[in-house]
Amino acid sequence: MKKIILILLVLLIGQNFANAHTCENETVKCPIDGKKVTFCVTMSMSTFGSFKDFQKKGAIGEHYEELINSCPKCHFSGYIDDFKSKFTEEEKTKVKELLAKFSDATMDNAQQCLIAAEIKLSRNVSKKEIAFCYITGSYLLRENDKKVEFRKELQRKAKDNLISALEKDEYDDKTVIANINYLIAEMARRTGNFDEAIKHYDLAINDPNKKDWIESVAKEQRELAVKKDDNNKI
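Only a predicted model underlies this, so the values are computations on that prediction, with no experimental measurement involved.

## A short note on the overall build of the chain
Consideration 1: Along the backbone of the chain there are 10 helices and 6 strands.
Consideration 2: Expressed along its principal axes, the backbone C-alpha trace of the chain runs to roughly 70 × 50 × 35 Å.
Consideration 3: By the burial criterion, 43% of the 234 residues in the chain qualify as buried.
Consideration 4: Across the chain, every contact between residues at least 6 apart in sequence was considered, and the portion connecting residues at least 24 apart equals 60%.
Consideration 5: Accessible surface, the chain as shown: approximately 12800 Å² in total, 52% of it carbon and sulfur.
Consideration 6: Charge-centre separation for the chain: the mean point of 39 positive side chains lies 3 Å from the mean point of 38 negative side chains.

## Comments concerning the packing of aromatic side chains
Consideration 1: Per the stated rule, a full pass over the model turns up 7 aromatic pairs.
Consideration 2: Judged by centre distance (6.1 Å) and plane angle (75°), the rings of Phe-54 and Trp-213 are edge-to-face. Highlighted residues: Phe-54 in the loop between strand E3 (46-50) and strand E4 (56-59) and Trp-213 in the loop between helix H9 (194-205) and helix H10 (214-226), separated in sequence by 159 residues.
Consideration 3: What makes Trp-213 partly exposed here is its relative accessible area of 39%.
Consideration 4: Feature note: the residues Phe-39, Phe-76, Phe-83 and Phe-87 constitute an aromatic cluster, connected by ring pairs.
Consideration 5: Sitting above the plane of the Phe-87 ring, Arg-123 keeps its charged end 3.9 Å from the centroid.
Consideration 6: Its end group placed over the ring of Phe-51, Arg-142 keeps NZ or CZ at 4.0 Å from the ring centre.

## Considerations on the pattern of salt bridges
Consideration 1: Across all of its chains, the model carries 20 salt bridges by this definition.
Consideration 2: In this structure, Arg-142 and Asp-53 form a salt bridge, with 2.6 Å as the shortest nitrogen-oxygen distance. Highlighted residues: Arg-142 in the loop between helix H6 (127-140) and helix H7 (148-167) and Asp-53 in the loop between E3 and E4, separated in sequence by 89 residues.
Consideration 3: Given the relative accessible area of 6%, Arg-142 is considered buried.
Consideration 4: Under the relative-accessibility criterion, Asp-53 is labelled buried at 1%.
Consideration 5: Notably, a salt bridge pairs Lys-92 with Glu-89, separated by 3.7 Å at the nearest N-O pair. Note that Lys-92 and Glu-89 are positioned in helix H4 (residues 89-99) at a spacing of 3 residues, about one turn of the helix.
Consideration 6: Connected through shared salt-bridge partners, Asp-53, Arg-142, Glu-186, Arg-189 and Arg-190 make up one network.

## Some remarks on the nonpolar core
Consideration 1: Counting residues in hydrophobic clusters, the biggest one holds 42 residues, and the most contacted among them are Phe-76, Leu-99 and Leu-162.
Consideration 2: For this core, the secondary structure elements donating two or more residues are strand E2 (36-44), helix H3 (80-83), H4, helix H5 (109-122), H6, H7 and helix H8 (177-190).
Consideration 3: Looking at this core, the element that brings in the most residues is H5, giving 7 residues.
Consideration 4: With 14 residues, the next largest nonpolar core counts Ala-178, Ala-204, Ala-218 and Ala-225 among its residues.

## Some words on the state of the cysteines
Consideration 1: For the coordinates displayed, the defined rule picks out 1 disulfide.
Consideration 2: Note that Cys-23 is cross-linked by a disulfide to Cys-40, the S-S spacing being 1.8 Å. Between Cys-23 and Cys-40, the disulfide has an S-S torsion of 65° and is therefore right-handed. With Cys-23 in strand E1 (residues 22-29) and Cys-40 in strand E2, this residue pair connects regions lying 17 residues apart in the sequence.
Consideration 3: Unpaired in terms of disulfides, Cys-71 finds its nearest cysteine sulfur in Cys-74, a separation of 3.8 Å.

## Brief notes about the side chain of Asn-161
Consideration 1: Along the chain, Asn-161 falls in helix H7.
Consideration 2: The class for Asn-161 is buried, based on a relative accessible area of 9%.
Consideration 3: Residues contacting Asn-161, with those up to four places away along its chain left out, are Leu-121, Lys-127, Ile-130, Ala-131 and Tyr-134.

Criteria and cut-off values
- Residues numbered from 1 in each chain as written.
- Predicted model: local features only at pLDDT ≥ 70, side-chain atom pairs only at ≥ 80, totals over all residues.
- Heavy atoms only, no water.
- Helix = DSSP H or I, 4+ residues; strand = E, 2+ residues; numbered from the N terminus.
- Buried < 20%, exposed > 50% of the residue type's maximum accessible area, 1.4 Å probe, protein only.
- Contact = heavy atoms within 4.5 Å.
- Areas by Shrake-Rupley, 256 points an atom, 1.4 Å probe, with all protein chains shown as cover.
- Lys, Arg positive; Asp, Glu negative; His and termini not counted.
- Charge placed at Lys NZ, Arg CZ, Asp CG, Glu CD.
- Phe/Tyr/Trp six-rings, centres within 6.5 Å; stacked < 30°, edge-to-face > 60°.
- Lys NZ or Arg CZ within 6 Å of the ring centre and 35° of its normal.
- Salt bridge = Lys/Arg side-chain N within 4 Å of Asp/Glu carboxyl O.
- Core = buried A, V, L, I, M, F, W, Y, C linked by side-chain atoms within 4.5 Å.
- Disulfide = S-S within 2.5 Å.

Put into structure tokens, the structure is as follows:
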């Protein structure tokens, strides 16, 4: 019996390890000042559903914390591909001017997401890419009751950029548009903009190209907006 129990424990431990989040270090150079920055790039993880704002749940470790990193010297922030990008001297000057306002900022994971988004905004990249930098930052503040206003700032900026992405027709897959309207609604509800939230929940619900699951979840979350419930923990 002891051998059987031991075998079962080994199997369970092995299964949990196989499902765990793993990452590998990759060192890149800051494109602004050449300082070395190390990313822990996600290699595997297991997800088990998600929160209502699409943040993944499960054995994901520090996946969201590791997506965006920052140069310890100049505070240039972005995804690992942003660190591999080539900048002209003119672009470097423009980014340095932007980074100057963050010179005394307390750097944490959410602040890195804000800076990454601001840099992308200055470089005129797609609005949907900018939006998800802000959204990632808001994920990292979900449980932080001391930075509610900062979290709401990120969510408002995410919402505005998602709306711009729709206006600029940045989504080729029309089945995704309902998802984006739903996410806009969630960002609005979580920041107390309930009328705007209801408008975008309705757009998601009534979208003829929506995926099957979106209607039920949008109706569920719409009820919270009607009740003026800005719960951000779900």
